[in-house]
Amino acid sequence: MLQPKIETIPAKKLMGKKIQMSLADNKTRALFQSFMPGRHQIKNKVNADVICMQVYNTSLNFKDFTPNTVHQKWAAVEVTDFNLVPDDMEIFTLQGGMYAVFLYKGAPAAFGPTFNYIFNTWLPASLYEVDNRPHFEILGEKYKNDDPGSEEEIWVPIRLKLLS
């Protein structure tokens, strides 16, 4: 099955737009329709990748996650600094740390079984547990929106399980 790379990253500076939503009240399309035309105003991008980030309440236990769990969703790019922030954009510092990085191939709408595998099969059998930091996807050059041949990286924040 799908095996992740384990990576530790430093903090990242992000610039973009955010919205409050849940999976049941999914506003991702509207967020990206608002962000994508204006992303060219951001002059200090690190690269051309777009980041789709979910920021959950730090008290959330992912065993209690439901389609109605409200979270903050971001459409953003990584930047070198927070100088020159366009008027309709916001900034966010993504805390560094350890991540399990999964390569997902397929249309975003078909992600459900992969999500289920990561959180209900891979994670419980691994040495790791979910850490309370943002989750994100990197939509790079192989990302093709709703195309079944699309590829993206799924970054799940992790930490070593505490021994009890």
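Conventions used here
Residues numbered from 1 in each chain as written. Predicted model: local features only at pLDDT ≥ 70, side-chain atom pairs only at ≥ 80, totals over all residues. Heavy atoms only, no water. Phe/Tyr/Trp six-rings, centres within 6.5 Å; stacked < 30°, edge-to-face > 60°. Helix = DSSP H or I, 4+ residues; strand = E, 2+ residues; numbered from the N terminus. Buried < 20%, exposed > 50% of the residue type's maximum accessible area, 1.4 Å probe, protein only. Lys NZ or Arg CZ within 6 Å of the ring centre and 35° of its normal. Pairing = 2+ DSSP bridges.

A. Spotlight on the packing of aromatic side chains. Following the criterion strictly, the structure yields seven aromatic pairs and no others. Pairing Tyr99 with Trp155 gives two aromatic rings, centres 5.7 Å apart and planes at 65°, and the pair type is edge-to-face. Taken together, the residues Tyr99 in strand E6 (residues 97-105) and Trp155 in strand E9 (residues 151-160) connect sequence positions 56 residues apart. Both residues of the pair, Tyr99 and Trp155, belong to the buried class. Measuring from ring centre to ring centre gives 5.1 Å for Phe136 and Trp155, while their planes differ by 15°; the resulting arrangement is stacked. Of this pair, Phe136 sits in strand E8 (residues 135-139) while Trp155 is found in strand E9, placing the two residues 19 residues apart along the sequence. Its relative accessible area of 6% is what places Trp155 among the buried residues. Among the aromatic residues, those joined into a cluster by ring pairs are Tyr99, Phe136 and Trp155. The side chain of Arg133 reaches across the aromatic face of Tyr99, ending 4.7 Å from its centre.

B. Representation of the pairing of strand E2 (residues 12-21) in the model. Where E2 and strand E5 (residues 90-94) come together, five bridges link them in antiparallel fashion. Counterpart to Gly16 in the pairing with E5 is Glu90. As paired strands, E2 and strand E4 (residues 71-79) are joined by nine bridges and run antiparallel to one another. The residue bridging Gln20 from the neighbouring strand is Gln72, located in E4.

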